[in-house]
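For reference, the chains in residue letters:
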Amino acid sequence: MAITLTDNAAQRMTDFLANRGSGLGVRLSVQTTGCSGLGYNMEFVDALNGDDTLFEDKGVQLVIDAKSLIYINGTEVDFQKDGLNEGFEFNNPNSKAECGCGESFTV
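Residues numbered from 1 in each chain as written. Predicted model: local features only at pLDDT ≥ 70, side-chain atom pairs only at ≥ 80, totals over all residues. Heavy atoms only, no water.

(A) Summary view of the nonpolar core. In this structure, Ile3, Leu5, Met13, Leu28, Leu62, Ile64 and Val77 are the most contacted members of the largest nonpolar core, which totals 18 residues. Every element with two or more residues in this core is listed here: helix 1 (7-20), strand 2 (25-33), strand 5 (60-65), helix 2 (66-72) and strand 6 (76-82). With 4 residues, the top contributor of residues to this core is helix 1. In contact with Met13, not counting residues within four places along its chain, are Leu5, Val26, Met42, Val60, Leu62, Val77 and Phe88. (Core = buried A, V, L, I, M, F, W, Y, C linked by side-chain atoms within 4.5 Å. Buried < 20%, exposed > 50% of the residue type's maximum accessible area, 1.4 Å probe, protein only. Helix = DSSP H or I, 4+ residues; strand = E, 2+ residues; numbered from the N terminus. Contact = heavy atoms within 4.5 Å.)

(B) Here's a closer look at the pattern of salt bridges. On inspection of all chains with the given rule, the structure shows 6 salt bridges. Close ionic contact of Asp52 with Arg27 constitutes a salt bridge, the shortest N to O distance being 2.8 Å. With a gap of 25 residues between them, Asp52 in strand 4 (residues 52-57) and Arg27 in strand 2 connect regions that are remote in the sequence. Two residues, Asp57 and Lys58, come together in a salt bridge whose shortest N-O distance is 3.6 Å. Salt bridges sharing partners connect three or more residues here, namely Arg12, Lys81 and Glu86. (Salt bridge = Lys/Arg side-chain N within 4 Å of Asp/Glu carboxyl O.)

Structure (structure tokens):
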């Protein structure tokens, strides 16, 4: 089981954590949302929960809860900047389909 980061994603997360000044790492999770059913969520983590799994890639601590891990195991997180648009992209091998706007996915 693994969650990995591209160099761009790792640098962006490292910058966010440095600007924040504290925290254990970044939590990646899924939540019910959108047309296809599941959406990605990212937030800072200050403490682990009992069902969390901790991954480290390129110096960034990634925290995934047990419910989310079954949906995003094997995912590579990338960060892209194109003109004024920028954001994290999830290359999830478990995703079977995405909605037209890219807001949600299904497995």
